[in-house]
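# Fold and geometry: a report
Residues per chain are reported as follows:
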Amino acid sequence: MAKLLSCVLGPRLYKIYRERDSERAPSSVPGTPTSVTNPPSSSWDTYYQPRALEKHADSILALASVFWSISYYSSPFAFFYLYRKGYLSLSKVVPFSHYAGTLLLLLAGVACLRGIGRWTNPQYRQFITILEATHRNRSAENKRQLAKYNFDFGSWPVDFHWEEPSSRKESRGGPSRWGVALLRPEPLHRGTADTFLNRVKKLPCQITSYLVAHTLGRRMLYPGSVYLLQKALMPVLLQGQARLVEECNGRRAKLQACDGNEIDTMFVDRRGRAEPQGQKLVICCEGNAGFYEVGCVSTPLEAGYSVLGWNHPGFAGSTGVPFPQNEANAMDVVVQFAIHRLGFQPQDIIIYAWSIGGFTATWAAMSYPDISAVILDASFDDLVPLALKVMPDSWRGLVTRTVRQHLNLNNAEQLCRYQGPVLLIRRTKDEIITTTVPEDIMSNRGNDLLLKLLQHRYPRVMAEEGLQAVRQWLEASSQLEEASIYSRWEVEEDWCLSVLHSYQAEHGPEFPWSVGKESWGRRRGWEEPRKGVNIQMRGPCLSTSSLQGRT
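Reading guide: rules and limits
Residues numbered from 1 in each chain as written. Predicted model: local features only at pLDDT ≥ 70, side-chain atom pairs only at ≥ 80, totals over all residues. Heavy atoms only, no water. UniProt positions renumbered as here; feature names shortened; annotations may be inferred. Helix = DSSP H or I, 4+ residues; strand = E, 2+ residues; numbered from the N terminus. Expected span 1.5 Å × (residues − 1). Buried < 20%, exposed > 50% of the residue type's maximum accessible area, 1.4 Å probe, protein only. Salt bridge = Lys/Arg side-chain N within 4 Å of Asp/Glu carboxyl O. Phe/Tyr/Trp six-rings, centres within 6.5 Å; stacked < 30°, edge-to-face > 60°. Axes fitted to C-alpha atoms, helices over the stretch in contact; angles between N-to-C directions. Parallel < 35°, antiparallel > 145°, perpendicular 65-115°, else oblique. Left-handed = near helix turned anticlockwise from the far one by under 90°. Contact = heavy atoms within 4.5 Å. Nonpolar A, V, L, I, M, F, W, Y, C, P; charged D, E, K, R; others polar.

By the naming in an unreviewed UniProt entry, the protein goes by Phosphatidylserine lipase ABHD16A and is assigned to Phocoena sinus. Recorded in UniProt for the protein, the comment headed Sequence similarities (unreviewed entry) runs: "Belongs to the AB hydrolase superfamily. ABHD16 family."

### A closer look at helix α5 (residues 122-136)
With 15 residues, α5 extends 21 Å from end C-alpha to end C-alpha; this agrees with the ideal 21 Å at 1.5 Å per step. The complete set of buried residues in α5 reads Gln 123, Tyr 124, Gln 126, Phe 127, Ile 128, Thr 129, Ile 130, Leu 131, Ala 133 and Thr 134.

### Quick word on the pattern of salt bridges
Tallying each qualifying case throughout the model produces 16 salt bridges. A salt bridge links Arg 271 to Asp 269, with the nearest nitrogen and oxygen atoms 3.0 Å apart. On the basis of relative accessible area, Arg 271 is assigned to the partly exposed category, the value being 26%. A relative accessible area of 31% places Asp 269 in the partly exposed class.

### Re the packing of aromatic side chains
For the coordinates displayed, the defined rule picks out 16 aromatic pairs. An angle of 45° between the planes, with centres 5.4 Å apart, marks the rings of Phe 291 and Phe 315 as tilted. One end of the pair, Phe 291, is in the loop between β6 (281-285) and α10 (298-302); the other, Phe 315, is in the loop between β7 (306-310) and α11 (324-340), and 24 residues separate them in sequence. Its relative accessible area of 0% is what places Phe 315 among the buried residues. On the basis of an interplanar angle of 70° and a centroid distance of 6.3 Å, the ring pair of Trp 363 and Tyr 368 is categorised as edge-to-face.

### Re the packing of helix α1 (residues 2-9) against helix α4 (residues 90-119)
Running from amino to carboxyl end, α1 crosses α4 at an angle of 120°, the nearest separation of the two axes being 7 Å. Judged by the inter-axis angle, α1 sits oblique to α4. For the pair α1 and α4, the crossing hand works out as right-handed. Contact with α1, carried on its side by Lys 3, Leu 4, Cys 7 and Val 8, involves Ala 111, Cys 112, Arg 114, Gly 115, Ile 116, Arg 118 and Trp 119 of α4 and no other residues of that element. Looking at the contact of α1 with α4 residue by residue, the classes come out as seven nonpolar, one polar and three charged.

### Some details on the environment of Arg 218
Locating Arg 218 in the fold gives a position in helix α8 (residues 196-221). Sequence separation between Arg 218 and His 406 is 188 residues, and the spatial gap between their C-alpha atoms is 9.2 Å. In contact with Arg 218, other than residues within four places in its own chain, are Val 212, Ala 213, Ser 225, Val 321, Pro 322 and Phe 323.

Now the structure itself:
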């Protein structure tokens, strides 16, 4: 009976991964049925095949879950309609509650039937035995056995806790249960006395901003957190995860952040190979509808690097909601996991981000200044201009206040606090982070990210004349136009670099630099960002690259 109850309450099993012949060995987990210890390879090369009873019961429960999600999102309109029609009176609510209770009992019965179907399946009984054994004893062998299965990640045991590093327990400046430190926006109205009366006046606006951010705003900003989208993408995500595990020997892990959210991660270790780049770890930060199963992890994998991918809070197996504080908390535990569990030094870690993932990447760069480099692909400087682009002009004040208070993705401000190498990749036909049309390359907010970083690092070079030259270079749409700008401004790149290297040798690498104070008066020049997309970057200068389109 205990096993039957475990099958009723157990997680959904999606796939049993392929095993190599060299890895096949009798299971050491007590209670595993001997008849299914080493099944034929054909049964391990496909998705888990449930029996008919389990399959049909799963379909009914999945359909009920979709209907519940639709009802949840449409509930405000439904309540308003029912109120207008007078259906919210006590005489009509009581019968409705009876219908709802009957439906819940029927769904509970369907769940019991599903459990019986699982109980009659030897593969599921083997899986549930291994899962229970792993929860009781998290030995390396039990975890290895459990890693052969892909199932609902909520039942996966926690592999790493944010308080696990001993340095965290001894340090008073580390993250608390409220979260890691973020840069806070400046008040919208400086100099205004923060009296009780002013707080009362601001209260309606603050309530409105909170409701907008936690309903429409968060889902527009992170559509990947919407359950219906995840449900539609489930087959693709399962395929991507199977590829990472079976072809790349990926290892899945659950990390618990300081806010209690559980973060779904995948690690591919290339340190045992002959290629030297395998000693470097690339932590990938996905976009607003990206998942590590099908996201940007493929780029460093193809280049031979060790890779650690993770999903935003509320995406796929990760719990929580993707607000900036939760995002930073998740990134913090991912970096800690890379350092203290996977054994990488900060100097061997590269942060690679796509689009909105630039927020967590720049936060990590700001908070862990010893990391090797930061790569930002199709990212932006600040969220406010992009939010104003898609909202009516009459909402400008509400949108600005909502973003600053609840969705403040201040990438440029965080990046300016990082002293190491940075690579920016700009998409010349990007329809997401442009404020006008994709063809208007100067409205791409990646330009603003570059200009703010250069102005911070080289304030004297990026004065009026230098700023004008860089803007013209960014506006160039072909190599011929770039060459024309070089000629017009009489750029001597070798001389510019020699001045920068001399300044670094004399004053050290810490930014900002006051280079240009003397030598620029004698000889005109400006430091163009050096182009390239090589993941190995050196020196204090910034690299950029323009690529066609956005994938």
